[in-house]
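# Summary of structural features
Listed here are the chains, written in short residue letters.
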Amino acid sequence: MTEGGSMVLQRVLIFSGGLAGAAGVGLSAAAAHAGGANTGTAASFLLAHAALLVAVGLLPWNAVLRIGALIVLAGLVFFAGNLLMRDFAGTRLFPMAAPSGGMLMIAGWLVVGVGGLMATRAERNLP
């Protein structure tokens, strides 16, 4: 990937992590005040995965880590999106969205783990 493409992906991951964190906090408050078990679960997942997205975005370039984070992001959108659609619209995002999102998140975390094993010596010796 080009240097410019790397910077764009880095910004997308950091922005997505910030957005997921903000949505997680807001949805946690909504779940506490208005109820909605699906909303609370979506909020928890958004908050838990926000840190991964920001962290990978801040790390030195590692294509495997970034691909893993993008897979997690796609899974998070499907999973949390489906739960929120159920609570707020009374319908599903699409059939099997939540299980597909869950599987993507699991796969993405595994790819991130492999990316950590594949990190170069310079990437492992962060300041």
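What comes next is a walk through the structure. (Residues numbered from 1 in each chain as written. Predicted model: local features only at pLDDT ≥ 70, side-chain atom pairs only at ≥ 80, totals over all residues. Heavy atoms only, no water.)

A count of helical and extended segments in the chain gives five helices and zero strands. Taken along the three principal axes of its C-alpha coordinates, the chain extends 50 × 25 × 25 Å. The burial tally for the chain puts 35% of its 127 residues in the buried class. A separation threshold of at least 6 residues defines the contact pool for the chain, and within that pool the share at least 24 residues apart is 67%. About 6900 Å² of surface is accessible on the chain, with carbon and sulfur atoms providing 73% of the total. (Helix = DSSP H or I, 4+ residues; strand = E, 2+ residues; numbered from the N terminus. Buried < 20%, exposed > 50% of the residue type's maximum accessible area, 1.4 Å probe, protein only. Contact = heavy atoms within 4.5 Å. Areas by Shrake-Rupley, 256 points an atom, 1.4 Å probe, with all protein chains shown as cover.)

A cluster of nonpolar side chains, contributed by M103, I106 and L110, occupies part of the molecular surface with about 340 Å² of accessible area. Here M103 shows up in helix α4 (residues 97-117). (Patch = residues over 30% accessible without salt bridge, like charges linked within 9 Å, V, L, I, M, F, W, Y side chains within 5 Å. Salt bridge = Lys/Arg side-chain N within 4 Å of Asp/Glu carboxyl O.)

Further remarks concern the packing of aromatic side chains. Applying the stated criterion to the full structure yields two aromatic pairs. Both rings, one in F45 and one in F79, keep their centres 4.5 Å apart while their planes meet at 45°; by these two values the pair is tilted. Highlighted residues: F45 in helix α2 (residues 37-58) and F79 in helix α3 (residues 63-88), separated in sequence by 34 residues. When its relative accessible area of 29% is taken as the criterion, F45 is described as partly exposed. (Phe/Tyr/Trp six-rings, centres within 6.5 Å; stacked < 30°, edge-to-face > 60°.)

Our next topic: the nonpolar core. The biggest cluster of nonpolar side chains holds 13 residues, and the ones touching the most others in it are A20, L27, A42, L46, L76 and F79. Those elements that place two or more of their residues in this core are α1 (3-34), α2, α3 and α4. If one sorts the elements of this core by residue count, α3 sits on top with five residues. Membership of the second largest hydrophobic core comes to 10 residues, among which are L13, L53, V72 and V112. (Core = buried A, V, L, I, M, F, W, Y, C linked by side-chain atoms within 4.5 Å.)

Another point: the environment of T91. Residue placement: T91 occurs in the loop between α3 and α4. Judged by its relative accessible area of 39%, T91 is partly exposed. Each C-alpha atom, one on T91 and one on F15, is 28 Å from the other, the two residues being 76 residues apart in sequence. In this view, T91 contacts N82, M85 and R86; residues no more than four positions away in its chain are not counted.

This next bit is on the packing of α2 against α3. Two elements in contact, α2 and α3, have axes separated by 9 Å at closest approach and are oriented at 165°. Comparing the axis directions of α2 and α3 gives the class roughly antiparallel. In this structure, α2 crosses over α3, and the sense of that crossing is left-handed. Residue composition of the contact of α2 with α3, grouped by class: 17 nonpolar, five polar and three charged. (Axes fitted to C-alpha atoms, helices over the stretch in contact; angles between N-to-C directions. Parallel < 35°, antiparallel > 145°, perpendicular 65-115°, else oblique. Left-handed = near helix turned anticlockwise from the far one by under 90°. Nonpolar A, V, L, I, M, F, W, Y, C, P; charged D, E, K, R; others polar.)

Further remarks concern α2. The terminal C-alpha atoms of α2, which comprises 22 residues, lie 32 Å apart, in line with the 32 Å expected from a rise of 1.5 Å per residue. For α2, the principal kink sits at H49 and spans about 25°. Among the residues of α2, those classed as buried are T39, A42, A43, L46, H49, A50, L52, L53, V56 and G57. (Expected span 1.5 Å × (residues − 1). Bend = angle between axes of the 7 residues up to and from the residue.)

So yeah, pure geometry; function would need other evidence.
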